[in-house]
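# Survey of secondary and tertiary structure
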Amino acid sequence: WAAGIGYWKSNKKEDEFFTMSLYPVLRFTAFRSPKTDVFFEYTVAGPTYISKTVIDNEKTGRKFTFYDAMGMGIFTGKKKNLNAGLRIAHFSNGNIFPQNDGVKVPLTFSFGYVLK
């Protein structure tokens, strides 16, 4: 499981909004070494709060939505507790509300620290 807080600015109208998510992460480790692991990951249907319901004049639905993402990254450091990754993502309410235009996030870069 993971949690995320994001600040975003849209491309067209530069609308600013933020998200708070809690989501499951399915991770496949493609390479392991004593100091670094390389992985691929997939996240699906993470419950999310989104601060705006209209972004670039498109109705995204209500402030409850879901987070889906695919990406890759590394764990490194003495205890492999430092993390960096690249993801593509999408926020959508999964058609549980009439409006569901969704928000596409073409690329994100993340840093993290694992509490062990």
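That block above? That's the structure.
Rules and cut-offs
Residues numbered from 1 in each chain as written. Predicted model: local features only at pLDDT ≥ 70, side-chain atom pairs only at ≥ 80, totals over all residues. Heavy atoms only, no water. Phe/Tyr/Trp six-rings, centres within 6.5 Å; stacked < 30°, edge-to-face > 60°. Helix = DSSP H or I, 4+ residues; strand = E, 2+ residues; numbered from the N terminus. Buried < 20%, exposed > 50% of the residue type's maximum accessible area, 1.4 Å probe, protein only. Lys NZ or Arg CZ within 6 Å of the ring centre and 35° of its normal. Salt bridge = Lys/Arg side-chain N within 4 Å of Asp/Glu carboxyl O. Contact = heavy atoms within 4.5 Å. 1 Å grid on protein atoms, 1.4 Å probe; cavity = no way out; pocket = protein on both sides within 12 Å on 5 of 7 lines; lining within 4 Å. Points joined across faces, edges and corners; volume = space filled by probe spheres on them. Nonpolar A, V, L, I, M, F, W, Y, C, P; charged D, E, K, R; others polar.

## With respect to the packing of aromatic side chains
Both the distance between ring centres and the angle between the ring planes are used here to describe each pair of aromatic rings. Per the stated rule, a full pass over the model turns up seven aromatic pairs. With a centroid separation of 5.1 Å and an interplanar angle of 35 degrees, the aromatic rings of Phe39 and Phe75 are classed as tilted. Note that Phe39 is positioned in strand S4 (residues 36-50) and Phe75 in strand S7 (residues 64-76), a separation of 36 residues in sequence. Grouping residues by exposure puts Phe39 and Phe75 together as buried. Measuring from ring centre to ring centre gives 4.8 Å for Phe109 and Phe111, while their planes differ by 90 degrees; the resulting arrangement is edge-to-face. For Phe109, a relative accessible area of 53% gives the class exposed. An aromatic cluster of three or more residues is present, and its members are Trp8, Tyr23, Tyr67 and Phe91. Directly above the ring of Phe39 sits Arg27, whose terminal nitrogen or CZ lies 4.5 Å from the centroid.

## Overview of the pattern of salt bridges
Here the structure, examined in full by the defined rule, presents six salt bridges. Its salt-bridge partner being Glu16, residue Lys9 comes within 3.8 Å of it at the nearest N-O pair. In this structure, Glu58 engages Lys12 in a salt bridge whose closest nitrogen and oxygen atoms are separated by 3.8 Å. With a gap of 46 residues between them, Glu58 in strand S6 (residues 58-59) and Lys12 in the loop between strand S1 (2-9) and strand S2 (16-23) connect regions that are remote in the sequence. Exposure remark for Lys12: the relative accessible area of 64% places this residue in the exposed category. One network of salt bridges, in which partners are shared, links Arg27, Glu41 and Arg87.

## Describing the side chain of Thr19
Note that Thr19 resides in strand S2. With sequence-adjacent residues up to four places away left out, Thr19 is seen in contact with Gly4, Ile5, Gly6, Trp8, Thr48, Tyr49, Ile50 and Phe91.

## A closer look at the layout of surface pockets
The volume enclosed by the largest pocket comes to roughly 730 Å³. If you trace the largest pocket, you find 33 residues lining it, with Ala3, Tyr23, Asn83, Arg87 and Ser110 closest to the centre. Breaking the lining of the largest pocket down by element, the ones donating at least two residues are S1, S2, strand S3 (26-32), S4, S7, strand S8 (82-92) and strand S9 (103-113). Ranked by residues supplied to the lining of the largest pocket, first place goes to S1 with seven residues. Its residues placed into classes, the lining of the largest pocket shows 16 nonpolar, 10 polar and seven charged. Quantified by volume, the second largest pocket comes out at close to 440 Å³.

Scope: geometric values only; no functional claims are made or implied.
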